[in-house]
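Chains, contacts and geometry: an overview
Spelled out, the chains give:
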Amino acid sequence: MNYSCPYCGGASPRCFRTEDFNRRSSSALYTYFRCTSCGLLFLDPVPENLGVFYPKGYHRMPAHIGDLETLARGEKYKVDLVSRFVPIGRLLEIGPSYGGFLYAARQAGYTVEGFEMDKDCCRFLTEIASIPTIQGTDVVAALRCSTPYDIITLWHVVEHIPSPWITVRAAMEAIRPGGILVIATPSTDSFQFRIFGRRWTHIDAPRHITLLPPSLLASIGKSAGFEIVELSGSDSGTLYWNEFGWRESLANLSPMPALKLASRLFGSALSIALSPIERRIRWSSSYTIVLRNPVISPGSTIRDKNRQGAS
Ligand SMILES: [Zn+2]
């Protein structure tokens, strides 16, 4: 079977069939295709009832604000990354879960907002963490009627969204000149994907619908006139996902529960041995890209530039 790429229309032969190795939600098989032109890996068909694959407890909600403060310390590397490019301003996180990063960013002086699908997360964000958050599924509509942001972030979110390039473009249109879009996502260029293939834990079928290689996201950014100011495979988050990838992918290979613990220990040790290789963007299990809207003229946005181009 040969499909057309939903992004570029390129020929997309079947890459593999897999199952939900991470959560064992069912014995269903999921088929992924890979575009020979742009490298997009995509699930087709996407289950209609995706919500059932995000069970209660998917988001490990903090018990109280003190827990959130503790968890937010682990998100400080994201604030450090953002502040290198935009030291202060209005920040939107799409898919903040319980809001660890937003909490850390607010402590650092940013004015923060969230857009989140999960109702329990939204309730925690607004009622406990006092972070303004829109609950919904149509982030593109929300972005189109927003006032421009200085920073928009999607930390490990684009892989969960059907046609994520639409969301990425809408986000770029909602960023001020000089502002940035930050995206972190698993990489199909990675060493781990080459080793584990359909059993790679970051395939996470059927929750991960599309995996975009770094070159594709860079191309989407450039086509909107954005500059690539950072493309990293060695930030703290990526190093964590490298270790997680070896640990959990090896556990997925182990049929017996008793072997899973040993597999995880071996995976953690292996990740340390391989860390010099996996810190490189060509091999890392995920990557972080920072796209900046260049300053063209005072007050103009990408939205304005598009209007100018259309007139
Ligand atoms: Zn393509």
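Before any of the text, the structure's been laid out above.
Starting afresh in each chain, residues are numbered from 1 along the sequence in its written order. Reporting in this predicted model follows two pLDDT cut-offs: at least 70 for local features of residues, and 80 or more for side-chain atom pairs to be given and counted; totals over whole chains, interfaces and linings ignore these cut-offs and use all residues.

Moving on to helix H8 (residues 214-223). Counting other C-beta atoms within 10 Å of a residue's C-beta gives its exposure: the residue is buried at 20 or more, exposed at 12 or fewer, and partly exposed in between, where C-beta atoms are placed from the backbone. Secondary structure elements are taken from DSSP: a helix is a run of H or I of four residues or more, a strand is a run of E of two residues or more, and numbering for both begins at the N terminus. Here H8 has its buried residues at Pro214, Leu216, Leu217, Ile220 and Gly221. Those residues of H8 that are buried are in contact with helix H6 (164-173), strand E9 (175-186), strand E11 (227-232) and strand E12 (286-292). Once C-beta atoms have been placed from the backbone, residue pairs whose C-beta atoms lie within 7 Å are recorded as contacts.

Attention now moves to the sheet that holds E12. Following DSSP output, two strands are said to pair if at least two bridges run between them. Read from one edge to the other, the open sheet built from 7 strands follows the order E7-E6-E5-E8-E9-E12-E11, with strand pairing classed as mixed. Each edge of the sheet is formed by a strand with only one pairing partner; in this case those strands are strand E7 (133-135) and E11. Between one strand and the next, the sheet's axes are offset by a mean angle of 15°, whatever the strand orientation. For strand E5 (residues 90-94) and strand E6 (residues 111-116), the ladder comprises 5 bridges, and the chain directions are parallel. Comment: axis = line fitted to C-alpha atoms, over the contacting stretch for helices; angle = value between 0 and 180 degrees taken between N-to-C directions.

A few words on the environment of Asp44. One can find Asp44 in the loop between strand E4 (41-43) and helix H1 (65-73). It is 27 Å that separates the C-alpha atoms of Asp44 and Lys222, two residues lying 178 residues apart in sequence. The residues touching Asp44, leaving out its near neighbours within four places in the chain, are Tyr3, Thr31 and Phe33.

For the pair helix H9 (residues 236-253) and helix H10 (residues 257-278), interaxial distance at closest approach is 7 Å and the crossing angle is 145°. Crossing of H9 against H10: the hand is right-handed. Mapping the contact onto sequence places Asn242, Glu243, Trp246, Arg247, Leu250, Ala251 and Leu253 in H9 and Lys260, Ser263, Arg264, Phe266, Gly267, Ser268, Leu270, Ser271, Ser275 and Glu278 in H10. Looking at side-chain class alone, the contact of H9 with H10 contains 6 nonpolar, 6 polar and 5 charged residues. It is the rotation of the near helix from the far one that decides the hand of a crossing: anticlockwise by less than a right angle makes it left-handed, clockwise makes it right-handed. Basically, the charged four are Asp, Glu, Lys and Arg, the nonpolar ten are Ala, Val, Leu, Ile, Met, Phe, Trp, Tyr, Cys and Pro, and anything else, Gly included, counts as polar.

Following the sequence through the fold, Leu68 ends up in helix H1. Assessed through the 22 C-beta atoms surrounding it within 10 Å, Leu68 is described here as buried. With 30 residues separating them along the chain, Leu68 and Tyr98 place their C-alpha atoms 8.1 Å apart. For Leu68, the contacting residues outside a window of four places in its chain are Pro62, Tyr98, Gly99, Gly100, Tyr103 and Ala129.

Moving on, we get to H10. Residue Ile272 marks the point of greatest curvature in H10, where the axis turns by about 40°; the proline Pro276 follows within four residues. Those residues of H10 lying buried are Gly267, Ser271 and Glu278. Against the buried residues of H10 lie helix H7 (191-196) and H9. Bend at a residue means the angle formed by two fitted axes: the first through the 7 residues ending at that position, the second through the 7 residues beginning there.

As a further point, take the packing of H1 against helix H3 (residues 100-107). Relative to each other, H1 and H3 sit at 85°, their axes nearing to 8 Å. Accordingly, the angle class assigned to the pair H1 and H3 is roughly perpendicular. Between H1 and H3, the residues in contact are Leu68, Leu71 and Ala72 and Gly100, Tyr103 and Ala104, respectively. Broken down by class, the residue content of the contact of H1 with H3 amounts to 5 nonpolar, 1 polar and no charged. Note on terminology: angles under 35 degrees are roughly parallel, angles over 145 are roughly antiparallel, angles of 65 to 115 are roughly perpendicular, and the others are oblique.

Turning our attention to the pairing of E6. Each regular strand carries side chains that alternate between the two faces of the sheet. Most of E6 is tucked away: 5 of the 6 residues are buried. Considered for its hand, the β-α-β crossover made up of E5, H3 and E6 is right-handed. Note: E6 against E7, 3 bridges, orientation parallel. Note on E7: the bridge partner recorded for Gly114 is Thr133. Handedness of the crossover joining E6 and E7 through helix H4 (residues 119-128) is recorded here as right-handed. If the strands point away from the viewer and the path from the first strand over the helix to the second runs clockwise, then the crossover is right-handed.

Quick look at the nonpolar core now. One finds Ala105, Ile151, Ile152, Ala171, Leu181 and Ile183 to be the most contacted residues of the largest nonpolar core, which totals 70 residues. At 6 residues, the largest contribution of residues to this core is made by E9. For Ala171, the residues in contact, after removing those within four places along its chain, are Leu143, Ile152 and Leu181. Working definition: the nonpolar core is a set of buried Ala, Val, Leu, Ile, Met, Phe, Trp, Tyr and Cys residues, joined through C-beta atoms within 7 Å.

All right, on to unusual backbone geometry then. A cis geometry characterises the amide bond from Asp44 onward to Pro45, with omega recorded as 0°. Considering the arrangement of structural elements, one finds Pro45 in the loop between E4 and H1. That bond from Ala205 to Pro206 is cis: its omega, -5°, falls within 30 degrees of zero. For Pro206, the location among the structural elements is in the loop between H7 and strand E10 (210-211). The residue Ser130 is not glycine, and still its phi comes out positive at about 55°. For Ser130, a count of 12 C-beta atoms within 10 Å puts it in the exposed group. In this structure, His156 is a non-glycine residue whose phi angle is positive, near 50°.

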